[in-house]
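Spelled out, the chains give:
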Amino acid sequence: MRLRGNLFRRTSKKKLSMAYKDITESVKERILVLDGATGTMIQRHALSEADFTHPEKGLCRGLNDLLCLTRPDIVADIHRQYLEAGADIISTNTFNANAVSLADYGMQDYSRLITLEAARIARTQADKYSQAEKPRYVAGVIGPTGRTASISPDVEDPSARNITFDELFEAYGIQAKALAEGGADLILIETVFDSLNAKAAVAAVKNVCSLPIMLSGTITDASGRLLSGQTVDAFFTSFARTGIFSIGLNCALGAGQMKQYVRRLAEISHLPVSSHPNAGLPDGFGGYAESASQMADTVESYMTDGLVNIIGGCCGTTPEYISLISHAAAKYPPRKPAAYTKKTVLAGLEPLTVEHSSNFVNVGERANVAGSAKFARLVREGSWDEAVDIVKKQAEDGAQIIDVCMDAPMIDAREAMTHFLKLIASEPDVARLPLMIDSSSWDVLLAGMKCVQGKHIINSISLKNGENEFLSHARTIHSLGCAAVVMLFDEKGQADTYERKVEVAQRMYRLLTEDGFPACDIIFDPNILAIATGIPEHDNYAADFIRATSEIKRTCPGVKISGGVSNLSFSFRGNNTVREAMHSVFLYHAIAAGMDMGIVNAQDAQQYLARRVGEKPFIEALYRALGADPAQPAPKEQRVCRFALAHGFPAESVELAVRRTEAHQGHRSLDYTLGILRQWEKSGVHTISEITALEPESRTAAVAVGQTEAQPTDSGTLADWEQAWLAQKEEIRRRMKEAEANGL
């Protein structure tokens, strides 16, 4: 089985064997209870080697899934006990019944048979207990396998992988199809520790059936991240718009330790939220620390706080646990989902929200072989460590997204793209950022999507080859949880005038949104073309881009605008002073018109952004806030200044971060200050009032900032300063409107 171009195949949904309510309706009416651990219950039976012996493959000790063939009576009895305990959803005994996991026992060819029998066993038991007022559902379980598509198993080779997306996709597809045929009502992809594995699973399920998908990740330790490094927010962002039914967390932690992460999911998810924690932490003797009553009391607090729609148990839980949880669940209404956000949110290991009202997003361009001769040379030479260093420098200089392009002569673009993306996945400062996977080849783009976890930007798709190909590519991008740069290029060619840009954008917007592609994941590129070429028809290219940006944002709600800024000054290549000036003036007007992001050199972006707010005085204010000499700043001081510029922090917020640093560390530490700024950026706060609203403990320090020599003398006047800051942005917009009125 291969990944198909269109992963949104419309297939019939397998219903309950009797005419009961669909789970997507039941979850709105009450908290649904998921069953507990299958493995824990199997361990209660005194099973012999014969029970784990296959007539052809021999002894498969520890392969619980095999019991669906050798001891279906035990599996059926476990389901029966959980149903009698009050479970609304029972899970098939198929956690390791995929070909990848079964290969450890030489049983990979039996994936379909084991899975089909497991689903039939569960279906039979669920039907015996289903009633009109309390239907029972079968969740077809798909486990994570013991391999990860995002992490190298070899410390000497960060590009190494022991599984590929396509291998996972094939294995999961076989399993999902058998689960659907066997009578499952939904698919439960659980214990996700790598969201790339989960992407393969979600894509595979959607390729073979239309059953609702429950997705459940696992937080491995107190860091609050998946094993592959993603935060809870980034995990949610990776799947929020892929069409799954619910999202949640399970395993690894007990209910008490897991609650803070479930709370975070509940705050941000427009989808139903599930949780099935362990019975506390392992006790060191093969069991778990919490009794049924202890766990039920903790889980009940989830319900009183309105955090869950589906609740159950994982390792160590039994029907006794589920019975108490079921009684508690009956007393509370289900969680009300959070509002569906129409914001553009991307993610690497951490999320990035793109909002025009907050700041311009710079896309680092130095990992593009077409834009950097040095990077192209390193790729051709195979000097990968040095190539990675270029990207690390881009991240350090404030790039919020990293553009990666390998399209050039004498480079195998597909091989270079996948190799490089795997390499930078091991660099934390780079891996936390979203990527812009950039190529004119669909095969390269698809290969890139298959080797990165998170939600990234695919650059680009267009109508060049017609609507069918355009929509097919868009569906694949959407199904793999990515956003798309949509190049304004149709069957007639590149949209080079204002009228053509608007016409093509509106047509594309209609096609995409009517097909289910979220508007907030559409990033139009209205084509920044070279000016001052000596050809009169090119003279209006910059003005047409700016005017089209404004009109596209007005008539295509929710979209974002991007572009390759260096194209503008191509006629002046070699004269960096002129090019920099051209870029600065262009961005000044384009950002005011609605341009949200641009492919630029992250270090140069400091100068572009500074011009928006008065350049020299603004930069000097930032350096003074750091206690630095504006005339001779040290490298670390420059680094913090670049970050503040790139993310829109005014000098007062930087000074507040410095005071916080001194209070916590007892001395000046620019690394610590930068960490504070990064945390505020992640939380979406930049001004004094935003920071103090998030962190009330900062108010005293904020007042102190307001009492410095160059600032107001009371905290009330900080709001006046912020109004002045916002007024500068409004002044840019006002000037833009004046320029348009004067025909400029």
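First, a word on what this report is: a plain description of the structure on this page. (Residues numbered from 1 in each chain as written. Predicted model: local features only at pLDDT ≥ 70, side-chain atom pairs only at ≥ 80, totals over all residues. Heavy atoms only, no water.)

**A word on the pattern of salt bridges**
Here is step 1 of the chain: Tallied over the full model, the rule gives 38 salt bridges.
Here is step 2 of the chain: Between Arg80 and Glu84 there is a salt bridge, with the nearest N and O atoms lying 3.3 Å from each other. Within this pair, Arg80 and its partner Glu84 are both found in helix H4 (residues 72–84), separated by 4 residues, close to a single helical turn.
Here is step 3 of the chain: A salt bridge links Asp305 to Arg263; the nearest nitrogen and oxygen atoms lie 2.8 Å apart. Here Asp305 is found in the loop between helix H11 (292–304) and strand S10 (310–311), whereas its partner Arg263 is found in helix H10 (residues 255–268), with 42 residues between them in sequence.
Here is step 4 of the chain: Residue classification places Asp305 among the partly exposed positions, given a relative accessible area of 35%.
Here is step 5 of the chain: Given the relative accessible area of 32%, Arg263 is considered partly exposed.
Here is step 6 of the chain: Each of Arg30, Asp88 and Lys134 takes part in salt bridges that share partners, so that together they form one network. (Salt bridge = Lys/Arg side-chain N within 4 Å of Asp/Glu carboxyl O. Helix = DSSP H or I, 4+ residues; strand = E, 2+ residues; numbered from the N terminus. Buried < 20%, exposed > 50% of the residue type's maximum accessible area, 1.4 Å probe, protein only.)

**Re the nonpolar core**
Here is step 1 of the chain: Core analysis: the biggest nonpolar cluster contains 170 residues, and Ile189, Met406, Phe420, Phe524, Phe586 and Met595 have the highest contact counts within it.
Here is step 2 of the chain: Core analysis: the next-biggest nonpolar cluster, separate from the first, contains 25 residues, Ile619, Phe643, Leu656 and Leu677 among them. (Core = buried A, V, L, I, M, F, W, Y, C linked by side-chain atoms within 4.5 Å.)

**Some thoughts on the sheet that holds strand S17 (residues 483–487)**
Here is step 1 of the chain: Taken in spatial order, the 8 strands make up an open sheet running S21-S20-S17-S16-S15-S14-S13-S22, and their pairing is parallel. Looking at the sheet topology across the chains shown, the edges are occupied by strand S21 (560–561) and strand S22 (597–600).
Here is step 2 of the chain: Note: strand S13 (residues 361–368) against strand S14 (residues 401–405), 4 bridges, orientation parallel. In the sheet register, Gly364 faces S14, and the bridge partner there is Ile402.
Here is step 3 of the chain: Together, S17 and strand S20 (522–525) form the strand contacts of helix H19 (residues 498–514), whose direction differs from that of S20 by roughly 160°. (Pairing = 2+ DSSP bridges. Contact = heavy atoms within 4.5 Å. Axes fitted to C-alpha atoms, helices over the stretch in contact; angles between N-to-C directions.)

**Quick look at unusual backbone geometry**
Glycine aside, residues mostly have negative phi, and peptide bonds are mostly found in the trans state.
Here is step 1 of the chain: Across the junction of Asn459 and Ser460, the peptide omega takes the value 15°, indicating a cis bond.
Here is step 2 of the chain: Mapped onto the secondary structure, Ser460 falls in strand S16 (residues 457–461).
Here is step 3 of the chain: Here the phi dihedral of Cys251 falls at roughly 65°; this positive angle occurs in a residue that is not glycine.
Here is step 4 of the chain: Its identity as a non-glycine residue notwithstanding, Asn527 has a phi of 70°, on the positive side.
Here is step 5 of the chain: Along the chain, the position of Asn527 falls in the loop between S20 and helix H20 (541–555).

**So, helix H15 (residues 413–424)**
Here is step 1 of the chain: The first and last C-alpha atoms of H15 sit 16 Å apart over 12 residues, in line with the 16 Å expected at 1.5 Å per residue.
Here is step 2 of the chain: Taken residue by residue, H15 has Ala413, Ala416, Met417, Thr418, Phe420, Leu421, Leu423 and Ile424 as its buried positions. (Expected span 1.5 Å × (residues − 1).)

**Looking at the packing of helix H7 (residues 165–182) against helix H8 (residues 195–208)**
Packed helices, taken two at a time, are described by their axes: the angle between them and the distance between them.
Here is step 1 of the chain: Where H7 meets H8, the closest approach of the two axes is 8 Å, and the angle between their N-to-C directions is 45°. Compared by their axis directions, H7 and H8 come out oblique. When the axes of H7 and H8 are compared, the crossing they make is right-handed. In this structure, H7 contributes Phe165, Leu168, Phe169, Tyr172, Gly173, Ala176 and Lys177 to the contact, and H8 contributes Leu196, Asn197, Lys199, Ala200, Ala201, Ala203, Ala204, Val205, Asn207 and Val208. (Parallel < 35°, antiparallel > 145°, perpendicular 65-115°, else oblique. Left-handed = near helix turned anticlockwise from the far one by under 90°.)

**Some details on the packing of aromatic side chains**
Here is step 1 of the chain: Tallied over the full model, the rule gives 6 aromatic pairs.
Here is step 2 of the chain: Ring geometry for Trp384 against Phe420: centres 6.2 Å apart, planes inclined by 35°, an arrangement best described as tilted. In this pair, Trp384 is assigned in helix H14 (residues 384–396) and Phe420 in helix H15, connecting sequence segments 36 residues apart. Both residues of the pair, Trp384 and Phe420, belong to the buried class.
Here is step 3 of the chain: Members of the aromatic cluster, connected to one another through ring pairs, are Phe375, Trp384 and Phe420.
Here is step 4 of the chain: Over the aromatic face of Tyr498 sits the side chain of Arg547, whose NZ or CZ is 4.0 Å from the ring centroid.
Here is step 5 of the chain: Its end group placed over the ring of Phe570, Arg573 keeps NZ or CZ at 4.3 Å from the ring centre. (Phe/Tyr/Trp six-rings, centres within 6.5 Å; stacked < 30°, edge-to-face > 60°. Lys NZ or Arg CZ within 6 Å of the ring centre and 35° of its normal.)

**Some words on the sheet that holds strand S8 (residues 246–254)**
The strands making up a sheet associate through backbone hydrogen bonding, with each pair oriented either parallel or antiparallel.
Here is step 1 of the chain: Spatially, S1-S10-S9-S8-S7-S6-S5-S4 is the arrangement adopted by the 8 strands of the open sheet, whose pairing is parallel. Of all the strands in the sheet, the pair left with one neighbour each is strand S1 (32–33) and strand S4 (89–91).
Here is step 2 of the chain: Strands in contact with H8 are strand S5 (137–142), strand S6 (186–192) and strand S7 (213–217); relative to S6, the strand with the most contacts, it is inclined by about 170°.
Here is step 3 of the chain: Here helix H9 (residues 232–239) sits on the sheet in contact with S6, S7 and S8, set at roughly 160° to S7.

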